[in-house]
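If you want the building blocks of each chain, they are given just below.
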Amino acid sequence: MQITDVRIRKIEKEGKLKAIASVTFDEEFVVHDIKIIEGEKGLFIAMPSKCSADGEYRDIAHPINSETRGKLQSTILKKYQETVEEEPEYEWDEM
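Predicted model, so just to flag it, every value in this text is computed and none were measured. (Residues numbered from 1 in each chain as written. Predicted model: local features only at pLDDT ≥ 70, side-chain atom pairs only at ≥ 80, totals over all residues. Heavy atoms only, no water.)

Enquirer: Please explain the overall build of the protein as it appears in this structure.
Expert: Across its full length, the protein carries 1 helix and 6 strands. Its C-alpha atoms give the protein a radius of gyration of 16 Å, clearly above 12 Å, the size a compact globule of 95 residues would have. Principal-axis analysis of the C-alpha atoms gives the protein an extent of 55 × 35 × 25 Å. A total of 95 residues make up the protein; the buried ones form 24% of that total. In the protein, once contacts between residues fewer than 6 apart in sequence are set aside, the share between residues at least 24 apart is 30%. Averaged over its 14 positive side-chain charges, the protein has a centre that lies 7 Å from the centre of its 21 negative ones. (Helix = DSSP H or I, 4+ residues; strand = E, 2+ residues; numbered from the N terminus. Rg over C-alpha atoms; globule rule 2.2 N^0.38 Å. Buried < 20%, exposed > 50% of the residue type's maximum accessible area, 1.4 Å probe, protein only. Contact = heavy atoms within 4.5 Å. Lys, Arg positive; Asp, Glu negative; His and termini not counted. Charge placed at Lys NZ, Arg CZ, Asp CG, Glu CD.)

Enquirer: Please explain the environment of R9 as it appears in this structure.
Expert: Note that R9 resides in strand β1 (residues 3-10). Sequence-wise, R9 and I60 are 51 residues apart; in three dimensions their C-alpha atoms are separated by 20 Å.

Enquirer: Is there a simple way to explain the pattern of salt bridges in this structure?
Expert: Proximity of charged atoms lets side chains of opposite charge pair with each other. For the structure shown, the criterion picks out 3 salt bridges. Across the salt bridge formed by R58 and D54, the nearest N and O atoms sit 3.2 Å from each other. A salt bridge links E56 to R58; its shortest N-O distance comes to 3.5 Å. Judged by its relative accessible area of 42%, R58 falls in the partly exposed class. (Salt bridge = Lys/Arg side-chain N within 4 Å of Asp/Glu carboxyl O.)

Enquirer: What exactly am I supposed to notice about the nonpolar core here?
Expert: Note on soluble globular proteins: their nonpolar side chains tend to be buried together. Judged by nonpolar contacts, the single largest core of 16 residues is most densely connected at I8, V23, I34, I36, I45, L72 and I76. Sorting the residues of this core by element identifies β1, β2 (17-25), β3 (29-39), β4 (42-46) and α1 (66-86) as the ones contributing at least two each. Setting aside anything within four residues of it in sequence, one finds I76 in contact with V6, I8, A21, V23, I34, I36 and I45. (Core = buried A, V, L, I, M, F, W, Y, C linked by side-chain atoms within 4.5 Å.)

Enquirer: Please explain the pairing of β3 as it appears in this structure.
Expert: Moving residue by residue along a regular strand, the side chains alternate between the two faces of the sheet. Examined bridge by bridge, β2 and β3 share 7 bridges and lie antiparallel to one another. By the bridge assignment, F25 is partnered in β3 with F29. Both β3 and β4 contribute to a ladder of 5 bridges, which runs antiparallel. If you follow I37 over to β4, its bridge partner there is F44. Here β3 folds back onto β4 in antiparallel fashion, the turn holding 2 residues. (Pairing = 2+ DSSP bridges.)

Next up, the structure:
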């Protein structure tokens, strides 16, 4: 299964949540709401989840092995960095 598209939606509010990603596989299947989070050791992804009856959050879609998770995370974070770098830097003139 190949990742054929990654779309990033940046979050403008301050906090650990930096963006939300949608990933398309083989141009046929998409997973939305993958969170890009700033942790103590840098950026990481969190798969879409929902709160269960016992109050714990459980992933509703996730990679089966660490190799696939690593590939998914590196692809998403690369696209996120590209998105951040593409943003124009504004210079504010003082009035």
